[in-house]
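# Structural description and commentary
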Amino acid sequence: MSNFKSSSQKKHASVFELNGVPSFGQALPLALQHVVAMIIGCVTPAIIVSGVAGLNDTDRVILIQAALFTSALSTLLQLFPFIRVGNFQLGSALPVIMGISFAYVPSMQAIAETADVGTILGAQIVGGVIAIIVGFTIKKIRVLFPPIITGTVVFTIGLSLYPTAVNYMAGGTSNPDYGSWKNWVAAFFTLIVVTALNHFAKGFLKLASILVGIIAGYIFAAFLGLVDLSGIASAGVLQFPQPMHFGVKFDPSACIAIGLLFAINSIQAIGDFSATTVGSMDRQPEDQELQGGIVMYGVSNILCALLGGLPTATYSQNVGIVTTTKVINRCVLGLAAVILLIAGIIPKFSGLLTTIPQCVLGGATISVFASIAMTGIKLITQQELTFRTTSIVGLAVALGMGVTQAPDALASFPDWVMMIFGKSPVVIATITAIILNVVLPKEKN
């Protein structure tokens, strides 16, 4: 009898092992934990971009569907490499979750204001090619992106997203009731719930603080008459992604702006891959894992663009779950991706997400944007804050934020200059930080 038990138990792998298939009963709640932690962050960039681009309800649903579907697809491709040639594998095979990245939101907003979603997707394809190049040359160019550079970029991204969050808290600039007391009350109610759960709750409620906060804020906003359910009625029951629905357009200035971010995020991914292996496996990532992960990051983003999905990146909140729980089994994260995949082909679910009032989204995401900025500060302070390093950070952020907050500063320049340098502070901050880090003399020990 004992032999029968031991043999049956061996059929399932442990959730603490990288490979093998665990029992479904064990894997499902752990997978749902990952979905809960990232799903709102995954769809919010699509909601923001659709608002700036002026998409109708049908196209908004399609963009949100694509966000869920392509995030799931990108995750599965990272988890389970299917191409191996010698020492090279296409994919990291590490327990990471991929999702639509907030890092691209400022630049995508700038592009959507003057062009359309197709122009973003065209720039994304170029960015994917750049990521592939970075992946194959990672050992040689990694020296150009120390923590002081990546930290400055991440910090600038966080700062640049604050106006978006505040505009959302006020109801959204396209809302005729923009700035009304109802919007602000609902926004602060949501923010209070999220903050309280983050600092006083434990377990699931702490982990799902943003999701729970949005649900609570949604209900509260409904009582204030701020919820419009018409988007659900127009959505279908089952619909697969529509490749090339938004088209693909290549604008040189948009390609440069997004391409720079892809180069930076390719380097930033090293941090997430490293945090995953160090925190959960007590080792540094292997060269083939880093190279395969970054190359797949580029390949999957090209594929995502063709499917209508916005740029993806590794999700740090899910890295945190992996390092905290030590659950590294790839099938657990694969199941989370499958759940996202299913959600991505159900338009009614995507339609429901479009009914979330912007004030509620703003109240929930301002804490996320604050977290992004603070992550940048943590990266910056990994190096000693000397006169040299503070000059790099201070000048890069000052020029990046300063130029973009003075709308007419580049008015006499050609339109492409305004698109690259005048719309998103991230581009100027990145270029400035890299140049200063190369030019300024190193301190003597």
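Residues numbered from 1 in each chain as written. Predicted model: local features only at pLDDT ≥ 70, side-chain atom pairs only at ≥ 80, totals over all residues. Heavy atoms only, no water.

In regions of low pLDDT, the predicted coordinates are not meant to be interpreted in detail. Mean pLDDT over the chain stands at 84; residues scoring 70 or higher make up 95%. Confidence, read as mean pLDDT per element, is least for helix H1 (residues 2-9) in the chain (44) and greatest for helix H5 (residues 117-136) (94). Per-residue pLDDT stays below 50 along residues 1-9; that stretch engages in zero contacts with residues further than four places along the chain or on separate chains. (pLDDT = per-residue confidence, 0-100. Helix = DSSP H or I, 4+ residues; strand = E, 2+ residues; numbered from the N terminus. Contact = heavy atoms within 4.5 Å.)

The contact between helix H7 (residues 147-169) and helix H17 (residues 358-380) brings their axes to 7 Å, and the two run at 165°. Viewed along their axes, H7 and H17 adopt a mutual orientation that is roughly antiparallel. Between H7 and H17 the crossing geometry is left-handed. Its residues assigned to classes, the contact of H7 with H17 comprises 22 nonpolar, nine polar and no charged. (Axes fitted to C-alpha atoms, helices over the stretch in contact; angles between N-to-C directions. Parallel < 35°, antiparallel > 145°, perpendicular 65-115°, else oblique. Left-handed = near helix turned anticlockwise from the far one by under 90°. Nonpolar A, V, L, I, M, F, W, Y, C, P; charged D, E, K, R; others polar.)

Time to look at unusual backbone geometry. Even without a glycine there, the phi angle at alanine 93 is positive, about 60°. For methionine 244, which is not glycine, the phi torsion reads 60° and is therefore positive. Structurally, methionine 244 can be placed in the loop between helix H11 (230-233) and helix H12 (252-281).

Now for the environment of lysine 348. Along the polypeptide, lysine 348 turns up in helix H16 (residues 347-354). A relative accessible area of 29% means that lysine 348 is categorised as partly exposed. (Buried < 20%, exposed > 50% of the residue type's maximum accessible area, 1.4 Å probe, protein only.)

Further remarks concern the environment of glycine 334. Relative to the helices and strands, glycine 334 resides in helix H15 (residues 330-344). Sequence spacing of glycine 334 and alanine 72 is 262 residues, and the spatial spacing of their C-alpha atoms is 8.4 Å. Every residue in contact with glycine 334, bar those within four places of it in the chain, is listed here: Leu76, Leu79 and Phe80.

Nonpolar side chains collect at one region of the surface, where Val143, Leu144, Ile435, Val438 and Val439 lie side by side and expose about 470 Å² of accessible area between them. Relative to the helices and strands, valine 439 is located in helix H20 (residues 425-439). Take valine 439: its relative accessible area is 58%, and that puts it in the exposed class. (Patch = residues over 30% accessible without salt bridge, like charges linked within 9 Å, V, L, I, M, F, W, Y side chains within 5 Å. Areas by Shrake-Rupley, 256 points an atom, 1.4 Å probe, with all protein chains shown as cover. Salt bridge = Lys/Arg side-chain N within 4 Å of Asp/Glu carboxyl O.)

So, on to the environment of valine 427. Mapped onto the elements of the fold, valine 427 is located in helix H20. Valine 427 sits in the buried class, given a relative accessible area of 1%. As for valine 427 and glycine 151, which are separated by 276 residues in sequence, their C-alpha atoms are 14 Å apart. Dropping the residues within four chain positions of it, valine 427 is found in contact with Ala257, Leu260, Ile420 and Phe421.

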